[in-house]
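Observations on the model geometry
Listed below are the residues making up each chain.
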Amino acid sequence: MKKRILSTVVFAMLTVAAAPAQAAPKDPVGVLKATVAAGHGVRFTGDVTWTDGTDERGARDIKGVFQFGRKEIAAFDITAKDGDEYERVIAIGKTGYYSGDQISRLLPEGKTWYKSKNYGMPDSWSQFINPAEPNTLATLLKNGKTTGNSVSGSVTLKELKAVSAWVSAAKIGKEHDGLKISYTLTLSSSGLVSRVTSTYTMAEDGESYTSTVNTRYTKWGSKVSVTAPDPSTVTTKPR
């Protein structure tokens, strides 16, 4: 084992009494509502890891942005990468645009985007927890236990469907309503969520897998603009 050497500065730091844990802001939902403004939003990055019953493991990276309307999320742009493959979803209002390596095989030559309905979270490997929705955040705070600047708890898929447009738009079958999602929110000193970690086990196509999603949120309230793809690259009719 490598020998650790404490510098004088580090030793001095260790002799100072530990500072009290940061207290959680009193009204995170109010802070979020005050941040929501048309043309502004929040950026996020994250990673997803999962394992199935055979212990086969996988991972993907995600990044994106939520754009606010007057009171809620009006648009988003999300890219997920899984090894050499990627997929991207742009949603504006009730319209979604889908692109990526898998869907490209189904599109006519010269088209790179498929236009359809906005189905909210792209798939079950996305982050179920959307802290940019005031009603969702309120439910998570109610269900969770606050310790310092973090909130930990669990919420069922049925509960999320009732408060989260992000989840309800995905049209996940009622057979999954009992799915329990464990989560931890980390709140910044301003009261906005800076990180979400969630874990759940889901059965799909006769197999089950456990997924853990870590997402980091930055630049709350910054100006963002989500735009639709060039119409010449879009089709509504797969090959």
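In short, a report on the structure. Treat the numbers as computed from the prediction; the structure is a model and nothing was measured.

Let's shift gears to the nonpolar core. Core analysis: the largest hydrophobic core is formed by 45 residues, its most contacted members being Phe-128, Ile-129, Ile-181, Leu-185, Tyr-200 and Trp-220. Those residues within four positions of Ile-129 in sequence are excluded, and the remaining contacts are Leu-140, Val-155, Leu-160, Ile-181, Tyr-183, Leu-185, Val-196, Ser-198 and Tyr-217. Core analysis: the second largest hydrophobic core is formed by eight residues, Val-65, Tyr-97, Trp-113 and Val-224 among them.

Take the sheet that holds strand E3 (residues 73-82) next. Pairing within the open sheet is mixed, and its twelve strands lie in the order E7-E8-E9-E10-E11-E1-E2-E3-E4-E5-E6-E12. Because the sheet does not close on itself, it has two edges, and the strands there are strand E7 (145-147) and strand E12 (234-235). Both strand E2 (residues 57-68) and E3 contribute to a ladder of eight bridges, which runs antiparallel. Paired with Gly-64 across the strands is Ile-78, a residue of E3. Helix H4 (residues 134-143) contacts E7, strand E8 (150-156), strand E9 (180-187) and strand E10 (193-204) of the sheet and is inclined by roughly 100° relative to E8.

On to the pattern of salt bridges, then. Tallied over the full model, the rule gives five salt bridges. With a closest N to O distance of 3.4 Å, Arg-60 and Glu-87 form a salt bridge. Taken together, the positions of Arg-60 in strand E2 and Glu-87 in strand E4 (residues 85-92) put the pair 27 residues apart, joining distant regions of the chain. A residue is classified by how much of its surface remains accessible, and Arg-60, at 8% relative accessible area, is buried. Owing to a relative accessible area of 28%, Glu-87 belongs among the partly exposed residues under this scheme.

Running from N to C, helix H2 (residues 28-35) and H4 cross one another at 170°; their axes reach a closest spacing of 9 Å. When the axis of H2 is compared with that of H4, the two are roughly antiparallel. Regarding H2 and H4, the two cross each other, and that crossing is right-handed. For the pair formed by H2 and H4, the contact residues are Pro-28, Val-29, Leu-32 and Lys-33 on the first element and Pro-134, Leu-137, Ala-138 and Leu-141 on the second. Along the lines of polarity and charge, the residues of the contact of H2 with H4 split into seven nonpolar, no polar and one charged.

The subject of this paragraph is the pairing of E8. Relative to E8, E7 runs antiparallel, the two sharing three bridges. In the sheet register, Thr-146 faces E8, and the bridge partner there is Val-151. Adjacent in sequence and paired antiparallel, E7 and E8 are bridged by two residues, among which Gly-148 carries a positive phi angle near 60°. Here E8 pairs with E9 via seven bridges, running antiparallel. Along E9, the bridge assignment pairs Gly-153 with Tyr-183.

So, about the pairing of strand E6 (residues 113-117). Here strand E5 (residues 95-100) pairs with E6 via four bridges, running antiparallel. Residue pairing for E6: Gly-96 is matched across the bridge by Ser-116. Two elements, E6 and E12, share two bridges in a ladder whose sense is parallel. Bridged to Trp-113 within E12 is Val-234.

Turning our attention to the environment of Thr-95. Looking at the element boundaries, Thr-95 is found in strand E5. As for Thr-95 and Gly-120, which are separated by 25 residues in sequence, their C-alpha atoms are 9.9 Å apart. Those residues in contact with Thr-95 that lie beyond four places of it in its chain are Ile-90, Lys-115, Ser-116, Lys-117 and Asn-118.

About the criteria used
Residues numbered from 1 in each chain as written. Predicted model: local features only at pLDDT ≥ 70, side-chain atom pairs only at ≥ 80, totals over all residues. Heavy atoms only, no water. Core = buried A, V, L, I, M, F, W, Y, C linked by side-chain atoms within 4.5 Å. Buried < 20%, exposed > 50% of the residue type's maximum accessible area, 1.4 Å probe, protein only. Contact = heavy atoms within 4.5 Å. Pairing = 2+ DSSP bridges. Helix = DSSP H or I, 4+ residues; strand = E, 2+ residues; numbered from the N terminus. Axes fitted to C-alpha atoms, helices over the stretch in contact; angles between N-to-C directions. Salt bridge = Lys/Arg side-chain N within 4 Å of Asp/Glu carboxyl O. Parallel < 35°, antiparallel > 145°, perpendicular 65-115°, else oblique. Left-handed = near helix turned anticlockwise from the far one by under 90°. Nonpolar A, V, L, I, M, F, W, Y, C, P; charged D, E, K, R; others polar.

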